[in-house]
Amino acid sequence: MASFFKKYKIEIILLVVSLIAHFFFFFLLLKNYGVDSFYITNADAEEYFTLGKNLYWHHVFSNFPREPFYLNSFRIILYPLYLSFFQIFSAGAWLPIILQNIFASFSIVILYRLGRLLVDNKKVPFVAALIFALNPLQNYWANITEPDTLLVFLFLISLLLFVKYRNSNLNRYLYWSAFTLGLSLLTKPVAIYFPFFFIGLIFIYEVIFKRHWRAFIKPVIIFILIFFFTVSPWYFRNWYHFRVFGISSLPSMSYVPYAAALGPLPKELTDYLQWVKNKYGQEGQNDDGSRDIRVKSELIRMALKIIFSHPIEYSKYQLIGMVQFYLNDGHKEAYYNRHYKAMLWFNVPNSDSKFGISDQLRKGDWGAIFEVLKKSNQYIVLYFISKIIYLAMYFAVIYGLWRSYKSDKRLFGFFLLLLAFFVFVSVAAGPWGSAVRYRLPVWPGMLLIFSYGFFGLLNRPQNKFDASKVIIATGTFPPEVSGQSTFVSNFVAKLPEKIKVVVVSYGDKNEQRGNETFIVKRNWR
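The shown structure was predicted, so the numbers you read here are calculated from the model rather than taken from an experiment.

Undergrad: Give me the overall build of the chain: which residues, what numbers.
TA: When helices and strands are tallied, the chain shows 22 helices and 4 strands. The contacts of the chain with a sequence gap of at least 6 include a subset with a gap of at least 24, amounting to 72%.

Structure (structure tokens):
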């Protein structure tokens, strides 16, 4: 037992710290808002909880709280299935939330283990994992009945297995990575595009660098098959009930609001939405039918038509949304859920502290920033300090990418994969990127790159000899007499004392002189 704790001391420390941080929010919500606080103030969280209850009590995948239980094609099965299991023991949400906090804490350990596989410096993954463990956004959302925490857990496992495959070339790790990636998709539909990034990196390693087509084709085909078979039951379910081959109607529910960012929707789309409501909407159930997967393709087509007709204007909105995604600290998530006491250093918002400048920036009114600065209350000061911190972190991320490119191309390739995930999710968040909980699955990867860059900046050598070890191989070395041995001896003597020098030389017999000189016997005299 003692050897176990000694071997996994850092992992245990991170786990304990993370458990304390997560359960701090658990008891904070429980004390201030009661046992229903884990879902009742958030419409999405309440919908997931209702799906879980209906699965257990009525054996139907429906978010309607009462009969008739119309089938849901918007959400995906895994997280409601997780919630339904705990209905055996309690009708409340507190029990699955407790386990959810444990999952979130183990995600911190997985992040550390992932980093240890990538870099030799233990400090790099430790700092990345510690920051994520103490991240209020991550700790808060682990206490809401939404699937983000489970997605983080599964996605990190998939990344860990993928790195093990990359380091060992054992295909079984790649296949298990495909399976856990499939479970990630069954948790949230955003993961549907993640396999393309994995396959792209394998292509770069095996085809572009090594020219091994065979080493690329076979494992990738099996990777795709395992991923597809993992998620296929849900595709089959949607085909069986709705005659549509798809995982979720979420894309249409995203593109239509994206198009709405440009202004009032055109009559063609509003008329179609009215037709959808008349045909598929459920009166009295707060459902206008737009979440029905059967209208997904047509809604996407109409929304994209609007977006592509205003490319420059939409790009501006998209970029502002991405900036929000990159720089927002996430405290507003608790504000919108009315969990004011979970905002820690913020008081209950009032008219003076509540502000938003996104709409003004979309209109090109950059003066809104200065208007906000004029208020200069505690909330605003902390708001802008958090933005400065995030900008500093992204600077370290850029340096980390550059440093990995110069020192380790394989590490650089994996860092590019993590960056690609992050940028993709920021784009997928659309003009409404302020919902920064969407970055939770991809934020650990950015923390790894940040930590790698941070320690690179911290330990930048002042000259090329700092903290170096030098090995000198020579044909002869004192006490043998020769011009070469004299030159090497003088050269070693003039090196700075902090340089550790090891000399390897030929001689009359095998000999070791301390830890600095090694003599190898000549065989040609």
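Text resumes after the structure shown.
Undergrad: Break down the side chain of Thr 474 for me, citing the residues and quoting the values.
TA: Locating Thr 474 in the fold gives a position in strand β1 (residues 469–474). The buried category is assigned to Thr 474, whose relative accessible area is 6%. In this structure the side chain of Thr 474 is engaged in a polar contact, spanning 3.0 Å, whose partner is the backbone oxygen of Thr 476. In this structure Thr 474 touches Gln 484, Val 488, Val 503, Val 504, Ser 505 and Tyr 506, once residues within four positions along its chain are discounted.

Undergrad: Describe unusual backbone geometry, naming the residues involved and giving the relevant values.
TA: Residues Glu 67 and Pro 68 are joined by a peptide bond in cis, for which omega reads 0 degrees. Along the chain, Pro 68 falls in the loop between α3 (43–57) and α4 (78–85). Unlike most non-glycine residues, His 59 shows phi in positive territory, near 55 degrees. Locating His 59 in the fold gives a position in the loop between α3 and α4. Positive phi is not limited to glycine here, since Asn 169 has a value of about 60 degrees.

Undergrad: Before we move on, could you go through the environment of Ala 133 and cite the residues and values that matter?
TA: Among the secondary structure elements, Ala 133 is positioned in helix α6 (residues 123–133). Spatially, the C-alpha atoms of Ala 133 and Ser 18 are 4.9 Å apart, while their sequence positions differ by 115 residues. For Ala 133, the residues in contact, after removing those within four places along its chain, are Ser 18, Ala 21, His 22, Ile 108, Gln 138 and Asn 139.

Undergrad: Explain the pattern of salt bridges to me, and be specific about the residues and the numbers.
TA: According to the stated counting rule, one finds 11 salt bridges in the structure shown. Measuring nitrogen to oxygen at the nearest pair gives 3.2 Å for the salt bridge that ties Glu 47 to Arg 75. Of this pair, Glu 47 sits in helix α3 while Arg 75 sits in the loop between α3 and α4; the two residues are 28 residues apart in sequence, bridging distant segments of the chain. A relative accessible area of 8% places Glu 47 in the buried class. With a relative accessible area of 9%, Arg 75 lands in the buried category. Taking the shortest distance from any N to any O, the salt bridge between Asp 148 and Lys 188 comes out at 3.1 Å. Taken as a pair, Asp 148 in helix α8 (residues 148–168) and Lys 188 in the loop between α9 (171–185) and α10 (194–209) lie far apart in primary sequence, 40 residues in all. Here the two residues Asp 148 and Lys 188 agree in accessibility, since each one is buried. Through salt bridges with shared partners, a single ionic network connects Asp 44, Glu 47, Arg 75, Glu 146 and Arg 437.

Reading guide: rules and limits
- Residues numbered from 1 in each chain as written.
- Predicted model: local features only at pLDDT ≥ 70, side-chain atom pairs only at ≥ 80, totals over all residues.
- Heavy atoms only, no water.
- Helix = DSSP H or I, 4+ residues; strand = E, 2+ residues; numbered from the N terminus.
- Contact = heavy atoms within 4.5 Å.
- Buried < 20%, exposed > 50% of the residue type's maximum accessible area, 1.4 Å probe, protein only.
- Polar contact = N/O pair within 3.5 Å; in protein donor to acceptor, adjacent residues only side chain to side chain.
- Salt bridge = Lys/Arg side-chain N within 4 Å of Asp/Glu carboxyl O.

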